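# Architecture and fold: a report
Listed here are the chains, written in short residue letters.
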Amino acid sequence: MDYKDLANLIFPDAKDISYYEEKYPERNLPEGAIVTRFAPSPTGFVHIGGLYQALVAREVAKKTGGVFFLRVEDTDQKREVENGVTGIVNSLKDFDMAPDEGMITDTEEIGNYGPYKQSLRKEIYQAYAKYLISQGKAYPCFCTPEEGEEIRKKQEAAKVRTGYYGVWAKCRNITVEEAYKKIENGESYIIRFKSPGREDRKIKHKDIIKGNVDFPENDQDIVIIKADGLPTYHFAHAVDDHLMRTTHVIRSDEWLSSVPLHLQLFHELGFKAPKYAHISPIMKNDNGNKRKLSKRKDPEAAVSYYKEEGIPVNAVKEYLLNIANSTFENWRRANPDKSMDEFDFQLNKMSVSGALFDMVKLLDIGKTVISKMTAEEVYENSLKWAEEYDKELLEMLQDKEYALRVFGIERGNKKPRKDISKWSEVKYNIEYMYDDKFYSKEQEYQYQVIADKEDIEKILNLYIEKYYNDNDDKQTWFDKIKELAGEMGYAKEVKEFKANPGMYKAHVGDVSTVLRIALTARANTPDMYEIMQVLGKDRIQKRFETAIKNLK
RNA sequence: GGCCCCGUGGUCAAGCGGUUAAGACACCGCCCUUUCACGGCGGAGUCAUGGGUUCGAUUCCCGUCGGGGUCACCA
């Protein structure tokens, strides 16, 4: 009786691994093409760090004419969440990052290297586990979880390394006969990898991002097949990334310390190991301490947050790309109108330490991104966001022609206005341009320098009756306000006022402020000429009348 | 605790033995025909720390301190 008999007893129906090796041949890709993947577990929550990894992985694959695929790691049935896959697929779609291969809905997939859902690959893992057993490189372990716990306690008490290794690996040296008998007797077991490693030996590993890292060899007989017949992460990683012909494993750096194990697994399985790039996580400052963005504590940890807030997709991506390669920022300044896909992303230039998440900067990028859009694009995006998150805004946007005029204010010129950083700010931004919104609430008119109510009333009346004309061009419009200022005894030029402050009550700027506030009830607005053009004389007049009434 | 990684201004960071130590966000001031925003100009602010090596260290080595990761039949 030998290892083969044991392997046959454990996995009688498993295919020979040559079947899979042939079924999933090396990919026929151009020289230098990189194959990457995004491999989340479907917990129903997509972390911004996950999106970050996916963005980087996709960027690298795209750049080299390779493949970016999505694999769902659902080997932990306890964590299974309904529609978890849909959440992942949709998040990638929302960010315009759909994979070339892999899951495209909860149940459907594309590509020739599937299934791309690990729970559907059970027989594949078992075939490779069988292979390992038949080679004497893996063995059944009959220790119960409770026994494992006991071993660990003993190890802790003895102050030695914890784990299933060396003399602690009780089942490692069970004879084939003994194992055979236990299995026939119905004892339950799991499959462990028989590690050939020694803790006192070092291995060298070159990570694309972290650089040279030395580790002790792995000597842990880790579990490869759990009691439920499904593989653990480590085993699935080796089998899948080999069979799916992944060239570069781009993943979170919490996996860095598992590299010795993974390399060993690849070696013992007879696979060529992929290259690894371990990405530092996105952090957050929590009372002076850095910590990972937390699903529970930080709303911005969820990718859904960005959608809900209406932060433009490209702003999020550019921000993430900037964390990944900080030279992106300089490139962006030099190429303000190019698509970010043209940026020459470098995996090996990624930061080795984790960056603190900076919402202020993200929002600044949001402003820039939106400022570059046409009124039409702003309209479409606002509408899309409003449909899902803001009924009131949606209503306001029904009159598209008018909305386009409002969004067109100070847009499209060489120095476009940068005042909207996310779609959820749109409503506040344009509200005062809508009469029903404007009149539906009690406005507060805070006239600033000019406080004399009679003067204010006079300015408003005089302006609308004597000076304002819808057909004036901007210069004429401007000159007329100066004339009005002069007629009322205010300085026509600010400089003049500053030179002789005693000669005037105030200056033309203060007069404008009165007009602006009567018009919008706001101290800060975009260009007043354009606002007036959109409003038109009748509406301007009505707003002035309302403002005057409010004075009394 | 063992093992591993990291440490340049408030934040993201460039830098690879000799630099006035880039740039961006944020902050402050000035200018930009009248607000705000944009833009322009200017400003404040950094190489964690102690030892080496070197003619010379932010750059190389060691220690210290600080931060992070990992030690599951979770991924």
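Residues numbered from 1 in each chain as written. Chains lettered and ligands numbered in written order. Predicted model: local features only at pLDDT ≥ 70, side-chain atom pairs only at ≥ 80, totals over all residues. Heavy atoms only, no water.

Time to look at the pairing of strand 2 (residues 67-70). Residues Val-67 and Phe-69 line one face of strand 2 and the alternating positions Phe-68 and Leu-70 line the opposite face, and both faces are buried. Two elements, strand 1 (residues 35-38) and strand 2, share four bridges in a ladder whose sense is parallel. Considered in strand 2, the bridge of Phe-38 is made with Leu-70. The β-α-β motif built from strand 1, the intervening helix 3 (residues 48-63) and the parallel element strand 2 has right-handed crossover chirality. Here strand 2 pairs with strand 3 (residues 101-103) via two bridges, running parallel. Across the sheet, residue Leu-70 finds its bridge partner in strand 3, namely Gly-102. A crossover links strand 2 with its parallel partner strand 3, the connecting element being helix 4 (residues 84-94), and its sense is right-handed. (Buried < 20%, exposed > 50% of the residue type's maximum accessible area, 1.4 Å probe, protein only. Helix = DSSP H or I, 4+ residues; strand = E, 2+ residues; numbered from the N terminus. Pairing = 2+ DSSP bridges. Right-handed = clockwise from strand over helix to strand, strands pointing away.)

Given two aromatic rings, one states the distance between the centres and the angle between the planes to describe the pair. Taken as a whole and judged by the stated rule, the model has 22 aromatic pairs. Three or more aromatic residues joined by ring pairs make a cluster, and in this case those are Tyr-19, Tyr-20, Tyr-128, Phe-266 and Phe-271. The ring of Tyr-19 has Lys-15 lying over it, and the distance from NZ or CZ to the ring centre is 4.8 Å. Over the face of the ring belonging to Phe-438 we find Arg-543, whose NZ or CZ atom lies 3.9 Å from the ring centre. (Phe/Tyr/Trp six-rings, centres within 6.5 Å; stacked < 30°, edge-to-face > 60°. Lys NZ or Arg CZ within 6 Å of the ring centre and 35° of its normal.)

So, on to the side chain of Gln-118. Among the secondary structure elements, Gln-118 is positioned in the loop between strand 4 (109-110) and helix 5 (122-134). Within the local environment of Gln-118, its side chain forms a polar contact with the side chain of Glu-73, the two groups lying 3.1 Å apart. In contact with Gln-118, not counting residues within four places along its chain, are Arg-71, Val-72, Glu-73, Asp-74, Thr-75, Tyr-125, Ala-236 and Asp-240. (Polar contact = N/O pair within 3.5 Å; in protein donor to acceptor, adjacent residues only side chain to side chain. Contact = heavy atoms within 4.5 Å.)

Next up on the list: the protein's contact with RNA strand B. In the neighbourhood of RNA strand B, 63 residues make up the surrounding shell, with Lys-226, Ser-326, Arg-417, Lys-418 and Phe-478 lying closest. Counting only atoms of RNA strand B within 4 Å of the protein, the sugar-phosphate share comes to 70%. Note that a sugar or linking oxygen of RNA strand B is positioned 3.0 Å from one of the side-chain N or O atoms of Glu-73. Partitioned by chemical class, the residues of the surface near RNA strand B number 23 nonpolar, 15 polar and 25 charged. (Near = heavy atom within 4 Å. Nonpolar A, V, L, I, M, F, W, Y, C, P; charged D, E, K, R; others polar.)

These results come straight from atomic positions and should not be treated as a statement about function.
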